[in-house]
Amino acid sequence: EETVTVDEAVEARGSIADIRFGVGAYVTRWLRAGVAVHALTGENRLFSGRTFPDTTRFGSVGDTSVVDFAGTQLSAGVELTPIRGVSIAGSARRGLGMRVLSGDSTLRRADAPDRIGVGLRVDRVTGATFALSYARNRWTRLRGLGGPNLDVFDGTDLMGGVEAVGPRLGELPLLIRLGARQRTLPFGLNDTEVRERAFTGGLGLPFVGGRAVADVALQRASRTPVAGAAADRAGLADVRERAWTLSVGFTVRP
């Protein structure tokens, strides 16, 4: 009998893209509406391998498999402007069939998630814009795409923010942005829902006569299991995940 050291690697990479075909109409001065069809497509690449330090005696072993995703959704939305400087928007999305494919064979079936959302924007204060939104996602409709032990939870998403005109940089003013977000993640931990909170601050730096804006933002995020009996049973009461994210973007208007 001989003990051999081995390095084992397991990797999964993939995503699902949302390709939307939509139309909208400016119904009246205070009402706009639109509908869309969504094609959901993507893939997931799974790799597992073993590497032995003594390559003269043992050869490395690796295996890669690819699965594809395909699904559809329908959505509709409206935006109301009851008074000048106040906009209210609402949208709904209905998920249809969703499949996991390997070549031409269907491995699993489920339904794409449903979603409803509402939002409010206020521009009544000179030099400032306030926004608030709420959304509810039915992620559990995707449960059939995973294994029987996959933890999936429906989630809520609450966001708020403000953008205000700050001090001037030359002839153009800076834009100051502050935001906050709380949401329930679709995937849990040991049968326990996980909640994410994020706080963001940023600046918009205009240049080229205001035709371009450089956006810089810093975000502080944390994830914690939702407190309750399930978290206590799983021993997750003190589990935390924290992160800082720095983002930079550019917007150019011809």
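Starting afresh in each chain, residues are numbered from 1 along the sequence in its written order. Only residues with pLDDT of at least 70 get local features here, since the model is predicted, and only at 80 or more are side-chain atom pairs given and counted; chain-wide, interface and lining totals rely on the full set of residues. With hydrogens and water set aside, each side-chain value is computed from the structure's full complement of heavy atoms.

*Asks:* Would you mind going over the nonpolar core in detail, with residue names and values included?
*Replies:* Nonpolar cores are built from buried Ala, Val, Leu, Ile, Met, Phe, Trp, Tyr and Cys residues. Side-chain atoms within 4.5 Å join them into one set. Remark: exposure states derive from per-residue accessible area (1.4 Å probe, protein chains only) relative to the maximum for the residue type, with buried under 20%, exposed over 50%, and partly exposed in between. The biggest cluster of nonpolar side chains holds eight residues, and these are L40, V67, F69, M98, V100, A110, A112 and L145. Runs of H or I in DSSP of at least four residues are treated as helices and runs of E of at least two as strands, each being numbered from the N terminus. Among the elements of the structure, β3 (61-83) and β4 (86-102) are those that each provide at least two residues to this core. Among residues more than four places away in sequence, those in contact with L145 are M98, R99, V100, R108, R109 and A110. Should any heavy atoms of two residues lie within 4.5 Å, those residues are counted as being in contact.

*Asks:* So what's going on with the pattern of salt bridges? Residues and values would help.
*Replies:* Salt bridges are defined by distance alone: a side-chain nitrogen of Lys or Arg within 4 Å of a carboxyl oxygen of Asp or Glu. Tallied over the entire structure, the rule returns 16 salt bridges. The residue E79 makes a salt bridge to R32 at a minimum N-O spacing of 3.4 Å. Of this pair, E79 sits in strand β3 while R32 sits in strand β2 (residues 31-51), and the two are 47 residues apart along the sequence. Here E241 makes a salt bridge to R223, at a shortest N to O gap of 3.8 Å. Of this pair, E241 sits in strand β12 (residues 241-252) while R223 is found in strand β11 (residues 212-225), placing the two residues 18 residues apart along the sequence. Given the relative accessible area of 45%, E241 is considered partly exposed. In this structure, a network of salt bridges that share partners links the residues R94, D111, D114, R138 and R141.

*Asks:* Would you mind going over the environment of E43 in detail, with residue names and values included?
*Replies:* Tracing the backbone shows E43 in strand β2. The spacing of E43 and I83 is 40 residues in sequence and 45 Å in space, taken between C-alpha atoms. For E43, the contacting residues outside a window of four places in its chain are R13, G14, S15, V66, V67, D68 and F69. Any N or O atom pair separated by 3.5 Å or less is treated as a polar contact, with the protein-specific requirement of one donor-capable and one acceptor-capable atom, and with residues adjacent in sequence counted only for side-chain atom pairs. Only 2.9 Å separates the side chain of E43 from the side chain of R45, close enough to count as a polar contact.

*Asks:* Explain the confidence of the model for the chain to me, using residue names and the numbers behind them.
*Replies:* The pLDDT value tells you how sure the predictor is about a given residue, anywhere from 0 up to 100. When pLDDT is averaged along the chain, the result is 89; 95% of the residues meet or exceed 70. Mean pLDDT in the chain bottoms out at helix α1 (residues 229-233), which sits at 58, and peaks at strand β6 (residues 114-122), which reaches 97.

*Asks:* I'd like a description of the side chain of D114, backed by residues and values.
*Replies:* Mapped onto the secondary structure, D114 falls in strand β6. Given the relative accessible area of 9%, D114 is considered buried. At 2.6 Å, the side chain of D114 and the side chain of R94 are in polar contact. Among the polar contacts listed, one links the side chain of D114 to the side chain of R141, at a separation of 3.5 Å. Setting aside residues no more than four positions away along its own chain, D114 makes contact with R93, R94, G95, R136, N137, R138 and R141.

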